[in-house]
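What follows is the residue order along each chain.
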Amino acid sequence: MPKDTITPPTAEALAQDVLAHLQTTLAKRQSSATDHDWRVALSLAIRDRVVTPWLDSLQRTSETGGKEVYYLSLEFLIGRLIEDVTINLGLEDVAREAMAQLGQDYTALAAQEPDAALGNGGLGRLAACFMDSLSTLGIPAHGYGIRYEHGLFEQHFQKGVQVETAEAWLAEQHVWEFERPEVAYRIGFGGHVDYDAEGRATWHPAQEVIAQAYDTPTVGWQAKWVNTLRLWSAKPVVHFDLAAFNRGDYIGASASEALARTLSRVLYPDDTTEQGRELRLKQEYFFVAASLRDLVRRHLKEGRALSTLPDYAAIQLNDTHPALAGPELIRLLVDEHGMEFETAVKTARACLGYTNHTLLPEALERWSEGLMKHVLPRHYAIICLLNMASLDETGTAILDHGEVRMGELAFVMAHKVNGVSALHTELVKETLFADLHKAYPDRIVNQTNGVTPRRWLHSANPALSALITETIGEGWVADLERLRELEPHIGTAAFDARFADAKRANKAKLSDWLRQVHGASVDPDAMFDIQIKRIHEYKRQLLNILETVALWNDIRDNPNGDWTPRVKIFGGKAAPGYVMAKSIIRLINDVGATINADPVTRDLLQVVYPENYNVSMAERLIPACDLSEQISTAGKEASGTGNMKLSLNGALTIGTLDGANVEIREHVGAENFFLFGLTAEEVRQRRTKPGHARSAIEASPRLKRVLGQIANGLFTGGEARYGDILGMLWDSDYFLVTADFDSYYATQREIDAAYRDQSDWTRKAALQTARMGWFSSDRTISGYAGNIWNAASLL
Ligand code: 26V
C-alpha cells in the first residue's frame, strides 16, 4: 500500500504499488500476469490515491453540516473510469511512465476497461457529466441509481441488421467500486395497508428484497473533492423461506430470491416504448426507496429533526423515473415518523426538484392505476390524496384514464421543475404543463444542459487540449469560459496551423482505428461528417441517408464536378423493439455497401457505420469531426448534448432550430452555424396541411428520384425491402423529413463550398472551441445549485 497518498508519486513509486497489487491483491507474479491483471493492478494502485481525498470530503461534509445534493437517476452512462480518474489525479504521465518501466503500454491497457454503460443515451450521460461537475465544484453530493448487472446491450450488424447481445461489464472485476454489505435496506412490494383507529396507515408488503449499496468515488478536477455514486444491487432477504418450503410452497419459498435476481439485472434498453412494465416499476421504487431511506438515516444520525430535512437535502429527480420519491418520502415521514400529512407534503416538496427531458408523448411515463395499486398499495393511496389536492388547487389531474401520470406527479411534488434548454423549457411551459404552469408560474425554470470539459475535451482530445493549454494556460479545464481567451489567437497563421494540425491528427487516428477495427478505409483529408446518437425517427438519420443518396446521384451525374470529398459517419443504437429505427439502420448499411463499392464515387463519398456506438467510441469520433449533424425535427430534441461535445471540439454544425442548437448558434455566431429547416412553429402548422409529405416529394425531383431508387431495390439487389419507410414518407411523415429535404440538401452544398476554403473553415472551427465555454456542465450545475438546490461549494 502507498504510504503517501497526497503528493503525486514518482513513476517508480507507482510502479512499486502496481507490483504490490499484482502480488498481494491478485496473487500473480509478473511472469504470469495477463493484460487484465496489469490493468486491474494499475487501477487499484491509482484507486488507492482516491481514498484519502474521498474520506476527507465525506468528513468535511459531515463537519460543515452543509446541504447535500442527492441526484436520483435510473441511468448513469459513465463509460470507462481509468483515464478519468488518472487525469483528475494528475497522474497521467506518471502512470504512462510507470507502466513503461514495467514493460506495459498504459493506453492499450486503459482501452481494455469495459464501459460502464448504465444508460441509454443523453439522459444517462448527462447524469455522469453532472457527477463530474458536482465533484469539481466541491458540492457535496451522492448520485443514486441501480447497479445493473447488464448495461446497455451490445449492437452487432448481421448483413446490415442490428442484432443485440447481452452486455456483461461485471463479468470482470469492477475495480472502481467498494461493496458496502453493511449499507442494506429491506424494500417491500405488494401486500396490503392497515389503518388504525386514528387513521394511521401501516403497509404490510407481500414481498421483500434487500437493496445493498456499492459505492464508486467520483473524483473532481485535481482531486480537490470526491463525491460518491451509490448504486443499489438487489439481494434476496433470505435465500429461501424455510417455512414456506416445508409447507410445500416451493415457488413462494424462493420468491424473494427470484425477484432479487431480476430486479437489478437489466437496464431497460427502450427509451420510448412500454416494456416489462411491472419489473420496471419495481426497479423505480426499489432504488428510490433505498436512496431515501439512506439519506433520511444520514440526516437522523446527525441528530437532526425531520422537519429540517429541506435544509440539508436537495433531491433531484432525473426525469420521472424516480418520481415515486414524492409519495415515498411522504410515506416515510407520515407512517414511519408520525408527521402530519400536510406538513409531510410541504417538507417533501421543499426537498424535491424535477427535471423534464422530453416532450415526446410516447416517452412520458404513465402507470396503470391497477398496477400501481397492486405493487405499491400505500403509495397509490397517497397518490390519490395528491390527485385530489391537485384537482382542487390547479384543476390538473394526476390520475387520468385509469393511469398515473408521472410527469404531473413529479411536478406537484417538486418545488422547482426544469427544462434542459431555453426552447424546451418554453415548450414545457406552453404545452406539456400549461395548466400547472398557470397555477404555479414560478415553478418552471430553465437549466440548459452542459458537458464536462474534463472528459469531452481534455481527456478525449489531448492534441487540442495541449494546444489550448500552451496558448492560454491550464485554467480553462475547470473554468471553460476562459476558452474565449483563444479568440485573439484565431486567425494568426501560427495558431490556425496548429489547430488544423490537431484536427488532422485526430482524423488520421480515427481513420487508423476504422481500418483496424471496422475494416473501413477512409481518407483523413475528406470532410468527416458525423451523426452519433440513438436512432430515432425524430433525430432524422433518415434525412441524412436520403441526402447521401441524392449526393451520390449528383456526383455520378457529373463525376468531374468540383465535389468536396466526404465521409459520412453514423453511430448509434436502436431500441430493440423499435421496428422503424431498425429499418433505418439497415437502410444506412445497405446504402453504405452500395456507395462504398462504387468506383466512380469512391474517392468522393463514403458511408461508415461502426457497430456498437458507446461512450468510448464517442471519445474517438468527437475529436475527429468536421461537421456535426444536429438535424432533429424542430421542437422534438429537448436539448442534445452531443451537439455541445462536437462543437466544443471544433466541429461546425448543420442543424435545425431545436433544443440547445438555438443557444449554440447564439454563442458561436449565426455566421458560423449552418442552419436549415422549419422552425418548431412552422412544423406545427405544416403538419395540419393534408398531404404535406406527398406534395413535398412531388416538388423535389431529387428526393423523388432517391425514393424511387430505394423502391426499385437499387440498394437491396432488387429486393423490395423498405416498404415501411417509403410508405411512411409518402403518407404521413410525422417528422417532416420530406418537408426539410431540399433545405437540408442546399445547406449541405453550401457546406461543401465552405469546406473547400480550408483556412476559413479552420478559423470557424477554432471559433467554435473558443465560444463554447458556456456549455460546460460546471455552469449548468452552478445554475442548479443557485436556483434549485440552494447548495454551496465546500472548497
Ligand atoms: C424513458 C424511458 C421509458 C421507459 C424505458 C426506459 C426509459 C428511458 C428513458 C426515457 C426518457 C428519455 C428522455 C431522454 O433521454 N431525453 C434526452 O435527455 C437529454 C438530456 O437532457 C437531452 O439532451 C436529449 O435531447 C433528450 O432526448
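In this text, all values refer to a predicted model and were calculated from it rather than measured experimentally.

J.: Could you clarify how one ought to interpret the UniProt feature "modified residue: N6-(pyridoxal phosphate)lysine" (unreviewed entry) in the protein in this entry?
T.: UniProt annotation of "modified residue: N6-(pyridoxal phosphate)lysine" (unreviewed entry) refers to Lys645 when read in the numbering used here. Since its relative accessible area comes to 6%, Lys645 is described here as buried. What Lys645 contacts, discounting residues up to four positions off in sequence, is Arg125, Val451, Trp456 and Ile622.

J.: Looking at this structure, I do not really get the pattern of salt bridges. What am I missing?
T.: Pairs can form between side chains of opposite charge whenever their charged atoms are close. Summed over all chains, the structure comprises 54 salt bridges. Among the salt bridges present, the one from Arg49 reaches Asp17, with a minimum N-O distance of 2.7 Å. Here Asp17 lies in helix α1 (residues 11-25) and Arg49 lies in helix α2 (residues 35-64), a separation of 32 residues in the sequence. Comparing Arg49 with Asp17 shows no difference in burial state: the two are buried.

J.: I tried to follow the nonpolar core on my own but got confused; where do I start?
T.: Grouped burial of nonpolar side chains is what soluble globular proteins tend to show. Grouped together as the largest cluster of nonpolar side chains are 248 residues, with contacts concentrated most on Ile187, Trp232, Phe286, Ile315, Met372, Leu546 and Trp789. Considering each element in turn, this core owes the most residues, ten residues, to helix α10 (residues 277-301). Ignoring any residue separated from it by four or fewer positions in sequence, one finds Trp789 in contact with Lys67, Val69, Leu134, Ala314, Gln316, Ile781 and Tyr784. Core analysis: the next-biggest nonpolar cluster, separate from the first, contains five residues, Ala634, Leu678, Ala680 and Leu736 among them.

J.: Looking at this structure, how should I read the pairing of strand β23 (residues 652-655)?
T.: Residues in a regular strand point their side chains to alternate faces of the sheet. Taking every second residue as pointing to the same face, both faces of β23 are buried, with Leu652 and Ile654 on one and Thr653 and Gly655 on the other. Two strands pair when backbone bridges link them, and strand β22 (residues 627-630) and β23 are joined in this way by four bridges, in the parallel orientation. Among the inter-strand pairings, Ser628 is bridged to a residue of β23, identified as Thr653. Summarising the sheet, β23 and strand β24 (residues 674-675) pair through two bridges and their orientation is parallel. Counted as the bridge partner of Gly655 is Leu675 from β24.

J.: How should I be thinking about the environment of Ser639 in this particular structure?
T.: Structurally, Ser639 can be placed in the loop between β22 and α25 (642-648). For Ser639, a relative accessible area of 2% corresponds to the buried category. Separated by 217 residues in the primary sequence, Ser639 and Ala422 place their C-alpha atoms 8.6 Å from one another. The contact partners of Ser639, leaving out residues within four places of it in the chain, are Val420, Ser421, Asn449, Met644, Gly659, Ala660 and Asn661.

J.: Whenever I open this one, the sheet that holds strand β4 (residues 141-146) confuses me. Can you help?
T.: With mixed pairing, nine strands are arranged side by side in an open sheet as β7-β10-β11-β4-β1-β12-β13-β17-β18. Looking along the sheet, the strands with just one partner apiece sit at the ends: β7 (178-189) and β18 (444-446). Averaged over all adjacent pairs, the angle separating strand axes in this sheet is 25°, with direction ignored. Taken strand by strand, helix α6 (residues 122-137) contacts β1 (68-72), β4, β10 (207-219), β11 (226-236) and β12 (313-318), and its axis lies near 135° from that of β11.

J.: Got a minute to help me understand the packing of helix α23 (residues 579-596) against helix α30 (residues 723-731) in this structure?
T.: Two numbers describe a pair of packed helices, the interaxial angle and the distance between the axes. Two numbers describe how α23 lies on α30: the axes approach to 9 Å, and their chain directions differ by 110°. Relative to α30, the element α23 lies roughly perpendicular. Contacts between α23 and α30 involve Met580, Ser583, Ile584 and Leu587 on the former and, on the latter, Asp724, Ile725 and Met728. Of the residues belonging to the contact of α23 with α30, the class tally is five nonpolar, one polar and one charged.

J.: Just to check I follow, could you spell out the layout of surface pockets for this structure?
T.: One water molecule sets the probe size; rolling that probe over the atoms shows where empty space is left. Put simply, the second largest pocket is a space of about 870 Å³. The wall of the second largest pocket is formed by 33 residues, among which Glu83, Ser459, Ala460, Pro462 and Lys509 lie closest to the centre. Here the lining of the second largest pocket takes five residues from helix α21 (residues 493-518), the largest share from any one element.

J.: Mind showing me how you'd approach the site of the ligand here?
T.: In the region of the ligand, 17 residues are neighbours, and Asp270, His357, Asn449, Glu637 and Gly640 sit closest. Between the ligand and Ala638, the relevant distance is 3.3 Å, taken from an oxygen atom to a main-chain nitrogen or oxygen of the residue. Considering the ligand on its own, with 590 Å² of exposed area, one finds that the protein chains cover 92% of that surface. Here the shell around the ligand takes three residues from α6, the largest share from any one element. Of the residues belonging to the shell around the ligand, the class tally is five nonpolar, seven polar and five charged.

J.: Just to check I follow, could you spell out helix α32 (residues 758-771) for this structure?
T.: Since the α-helix turns once every 3.6 residues, residues separated by three or four places project in the same direction. Compared with the 20 Å implied by 1.5 Å per residue over 14 residues, the 20 Å span of α32 between its first and last C-alpha is a close match. α32 sits mainly inside the fold: ten of its 14 residues count as buried. Inspection of α32 places Trp761, Thr762, Lys764, Ala765, Ala766, Leu767, Gln768, Thr769, Ala770 and Arg771 among the buried residues, and these make up the whole buried set.

About the thresholds
- Residues numbered from 1 in each chain as written.
- Predicted model: local features only at pLDDT ≥ 70, side-chain atom pairs only at ≥ 80, totals over all residues.
- Heavy atoms only, no water.
- UniProt positions renumbered as here; feature names shortened; annotations may be inferred.
- Buried < 20%, exposed > 50% of the residue type's maximum accessible area, 1.4 Å probe, protein only.
- Contact = heavy atoms within 4.5 Å.
- Salt bridge = Lys/Arg side-chain N within 4 Å of Asp/Glu carboxyl O.
- Helix = DSSP H or I, 4+ residues; strand = E, 2+ residues; numbered from the N terminus.
- Core = buried A, V, L, I, M, F, W, Y, C linked by side-chain atoms within 4.5 Å.
- Pairing = 2+ DSSP bridges.
- Axes fitted to C-alpha atoms, helices over the stretch in contact; angles between N-to-C directions.
- Parallel < 35°, antiparallel > 145°, perpendicular 65-115°, else oblique.
- Nonpolar A, V, L, I, M, F, W, Y, C, P; charged D, E, K, R; others polar.
- 1 Å grid on protein atoms, 1.4 Å probe; cavity = no way out; pocket = protein on both sides within 12 Å on 5 of 7 lines; lining within 4 Å.
- Points joined across faces, edges and corners; volume = space filled by probe spheres on them.
- Near = heavy atom within 4 Å.
- Polar contact = N/O pair within 3.5 Å; in protein donor to acceptor, adjacent residues only side chain to side chain.
- Areas by Shrake-Rupley, 256 points an atom, 1.4 Å probe, with all protein chains shown as cover.
- Expected span 1.5 Å × (residues − 1).

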